Amino acid sequence: MTGYFSTPFPRRHSVGVDVGGVTVGGDAPVIVQSMTNTDTADIDQTVAQVAALHRAGSEIVRITVDRDESAAAVPAIRERLERLGINVPLVGDFHYIGHKLLADHPACAEALAKYRINPGNVGFKDKKDKQFAAIVEKAIFYDKPVRIGVNWGSLDQELLTRLMDENQANGSPLTAQEVMREAIVQSALLSAEAAEQLGLGRDKIILSAKVSQVQDLIAVYTMLAERCDHALHLGLTEAGMGSKGIVASSAAMGILLQQGIGDTIRISLTPEPNGDRTREVQVAQELLQTMGFRQFVPIVAACPGCGRTTSTVFQELAQNIQEGIRKNMPEWRKKYPGVEELKVAVMGCIVNGPGESKHADIGISLPGTGEMPAAPVFIDGKKAMTLRGPDIAQDFEKMVADYIEQ
Ligand code: SF4
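Just so you know, these numbers come straight off a predicted model, no measurement behind them.

1. Here's the deal with the site of the ligand
And then number 1: In the region of the ligand, the neighbouring residues are C303, G305, C306, R308, T309, M347, G348, C349, V351 and N352.
And then number 2: For the shell around the ligand, the class distribution of residues is five nonpolar, four polar and one charged.

2. Describing the environment of V351
And then number 1: By secondary structure assignment, the location of V351 is in the loop between β12 (343-347) and α12 (353-359).
And then number 2: You can call V351 exposed: its relative accessible area is 53%.
And then number 3: Between the C-alpha atom of V351 and that of R308, which follows or precedes it by 43 residues, the distance is 9.3 Å.

3. Quick look at the packing of aromatic side chains
Two numbers describe a pair of aromatic rings. These are the distance of the centres and the angle of the planes.
And then number 1: Within this structure, the stated rule accounts for two aromatic pairs.
And then number 2: Taking the centre distance of 4.9 Å and the plane angle of 85° together, the rings of F141 and Y142 count as edge-to-face.
And then number 3: By relative accessible area, F141 is classed as exposed at 63%.
And then number 4: Look at Y142 and you get buried, because its relative accessible area is 14%.

4. Some thoughts on the UniProt feature "binding site: [4Fe-4S] cluster" (unreviewed entry) in the chain
And then number 1: Under the UniProt annotation, the feature "binding site: [4Fe-4S] cluster" (unreviewed entry) is placed at C303, C306, C349 and E356.
And then number 2: Residue position: C306 is located in the loop between β11 (299-302) and α11 (313-335).
And then number 3: Mapped onto the elements of the fold, C349 is located in the loop between β12 and α12.
And then number 4: In this structure, C349 is in contact with R308, P354, S365, L366, G368 and E371, ignoring residues within four places of it in sequence.

5. Section: unusual backbone geometry
And then number 1: Positive phi is not limited to glycine here, since Y96 has a value of about 60°.
And then number 2: Looking at the secondary structure, you find Y96 in the loop between β5 (90-93) and α3 (98-104).
And then number 3: The class for Y96 is exposed, based on a relative accessible area of 52%.
And then number 4: Phi at S172 is positive, roughly 55°, even though this residue is not glycine.
And then number 5: The exposure class of S172 is partly exposed, given its relative accessible area of 41%.

6. Section: the sheet that holds strand β8 (residues 205-210)
And then number 1: The eight strands are arranged β3-β4-β5-β6-β7-β8-β9-β10 in a closed barrel whose pairing can be described as parallel.
And then number 2: Here strand β3 (residues 31-35) runs beside strand β4 (residues 60-64); their pairing, made up of three bridges, is parallel. Across the sheet, M35 pairs through a bridge with R62, a residue of β4.
And then number 3: Contacts from helix α7 (residues 176-197) reach β7 (146-151) and β8, with the element oriented near 160° to β8.

7. Overview of the pairing of β5
And then number 1: Going residue by residue along β5, you find L90 and G92 tucked away on one face and V91 and D93 tucked away on the opposite face as well.
And then number 2: Two strands pair when backbone bridges link them, and β4 and β5 are joined in this way by four bridges, in the parallel orientation. Paired with T64 across the bridge in β5 is D93.
And then number 3: Once the chain exits β4 it traverses helix α2 (residues 68-83) before rejoining the sheet at β5, and the crossover so formed is right-handed.
And then number 4: For β5 and strand β6 (residues 114-117), the ladder comprises three bridges, and the chain directions are parallel. Across the sheet, the residue bridging to G92 is Y115, located in β6.

8. Re the packing of helix α1 (residues 43-56) against α2
And then number 1: Between α1 and α2, whose axes approach to 10 Å, the crossing angle comes to 50°. Classified by the angle their axes make, α1 and α2 are oblique. Of the two possible hands of crossing, α1 and α2 adopt the one that is right-handed. Judged by residue contacts, I43, D44, T46, V47, V50 and A51 of α1 engage A73, A76, I77, R80 and L81 from α2.
And then number 2: Along the lines of polarity and charge, the residues of the contact of α1 with α2 split into eight nonpolar, one polar and two charged.

9. A few points about the sheet that holds strand β14 (residues 374-379)
And then number 1: With respect to topology, five strands assemble into an open sheet ordered β11-β12-β13-β14-β15, the strand pairing being mixed. If you trace the sheet from one side to the other, it starts and ends with β11 and β15 (382-388), each paired once. On average, each strand axis in the sheet is tilted by 20° relative to the strand beside it, whichever way the strands run.
And then number 2: With four bridges connecting them, β12 and strand β13 (residues 362-365) associate as parallel partners. Counterpart to M347 in the pairing with β13 is S365.
And then number 3: Set on the sheet, α11 makes contact with β11, β12 and β13; between it and β12 the angle comes to about 160°.

10. Focus on helix α5 (residues 126-142)
And then number 1: With 17 residues, α5 ought to run about 24 Å at 1.5 Å a step, and its terminal C-alpha atoms sit 26 Å apart, in line with that.
And then number 2: Those residues of α5 that sit buried are K128, Q131, F132, A133, I135, V136, A139 and Y142.
And then number 3: Where the residues of α5 are buried, they touch α3, α4 (106-111), β6, β7 and α7.
And then number 4: Immediately beyond the C-terminal end of α5, within one or two residues, lies D143, with a positive phi of roughly 60°.

11. So, the nonpolar core
If you look at soluble globular proteins, the nonpolar side chains tend to sit buried side by side.
And then number 1: Within the largest apolar cluster, 113 residues are counted, with the highest numbers of intra-cluster contacts made by Y115, L207, V344, V346, I364 and F396.
And then number 2: Of all the elements, α7 adds the most residues to this core, at nine residues.
And then number 3: The contacts of V344, once residues within four sequence positions are left out, are I299, V300, A301, I321, I325, A360, I362, F396 and V400.
And then number 4: Judged by nonpolar contacts, the second largest core, of ten residues, contains V19, V22, V91 and A231.

12. Observations concerning a nonpolar patch on the surface
And then number 1: Taken together, the side chains of Y96, I97 and F124 make up a nonpolar region of the molecular surface, amounting to roughly 320 Å² of accessible area.
And then number 2: When you line up the elements, I97 lands in the loop between β5 and α3.
And then number 3: Residue classification places I97 among the partly exposed positions, given a relative accessible area of 32%.

What counts as what
Residues numbered from 1 in each chain as written. Predicted model: local features only at pLDDT ≥ 70, side-chain atom pairs only at ≥ 80, totals over all residues. Heavy atoms only, no water. Near = heavy atom within 4 Å. Nonpolar A, V, L, I, M, F, W, Y, C, P; charged D, E, K, R; others polar. Helix = DSSP H or I, 4+ residues; strand = E, 2+ residues; numbered from the N terminus. Buried < 20%, exposed > 50% of the residue type's maximum accessible area, 1.4 Å probe, protein only. Phe/Tyr/Trp six-rings, centres within 6.5 Å; stacked < 30°, edge-to-face > 60°. UniProt positions renumbered as here; feature names shortened; annotations may be inferred. Contact = heavy atoms within 4.5 Å. Pairing = 2+ DSSP bridges. Axes fitted to C-alpha atoms, helices over the stretch in contact; angles between N-to-C directions. Right-handed = clockwise from strand over helix to strand, strands pointing away. Parallel < 35°, antiparallel > 145°, perpendicular 65-115°, else oblique. Left-handed = near helix turned anticlockwise from the far one by under 90°. Expected span 1.5 Å × (residues − 1). Core = buried A, V, L, I, M, F, W, Y, C linked by side-chain atoms within 4.5 Å. Patch = residues over 30% accessible without salt bridge, like charges linked within 9 Å, V, L, I, M, F, W, Y side chains within 5 Å. Areas by Shrake-Rupley, 256 points an atom, 1.4 Å probe, with all protein chains shown as cover. Salt bridge = Lys/Arg side-chain N within 4 Å of Asp/Glu carboxyl O.

This is the structure:
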């Protein structure tokens, strides 16, 4: 199989964090993670969605832990997943009462691989530091890492107000947007500092600072990357639905990843009406793969089609090949190491078909309008055969499967 990518770009140095056996930061590749949207108290649904996300390629899955019922369900979810042979690390997403839930549900604290703390709502006024400390102490006690996850929508208002006042007292050198960005960065860094002072190791702290605007995200993470060496979790929050969410997330994270910033990513897409949550995992994988950082699934190169293709055979073939590969990947990955490096080409006519197909491990050039009804197939850069007849598409799909198996 041909190698598809050149050397990845240099990464920013960060301290690696072990999240239930998956390293985030350090020398580890950029990790793909996602989050369920089930009620965690519903064990069946949560297990099913964690399993689906993991099968799609999510290497860490976060679940909401918002009340006693959900905290009580976590050990059973962990156990059920293990019985299914799924060891994906589970992260507990805590807001407001995380300190209480972790104290009241020791089995939940033990079953989770990481705790997410939101410094903007961990507690208010005089309770804030105490409740933050209570979560950090649990993390130390159970030997778990934390993600200090600042979010623009729940930013620490006391800190923001203080920075606004200071800026005004200094003659307002910063715009309101710049003060907001500074407040987000400071909230993450001050919280990390406080956690370290409480005794949590640097190798137990991941930071995130999620905002909903692309330029804000780039600015905030660039500032964070300059000011610390904590592992960074990238994510554009409230990215939106469909192509808008995909484009916004890819634009923001692509620029940061290109600069070597980011140790784990989550693409936060509003779920499609059909409820499929795995799309965000697929997009995250495609972002990392197209940028050359990781390889998850074989690439299917397909031309866009033009007036030389009047039928939709080649689009359908390209789609079937891509979907078939995705479906079989969990199995193939185990059986055929390196399968993700495969490159398949499905081309619509003779203009670029043979050339592109020769650059792939296996490729086909379908007949365009006016061409002979024959489709040359290229394997490892050489013409292997010509397919003819009404079953060209099915024959080629079988050839791809056979090639992988051989
Ligand atoms: Fe059109 Fe042929 Fe190019 Fe495909 S390979 S876009 S069908 S000219």
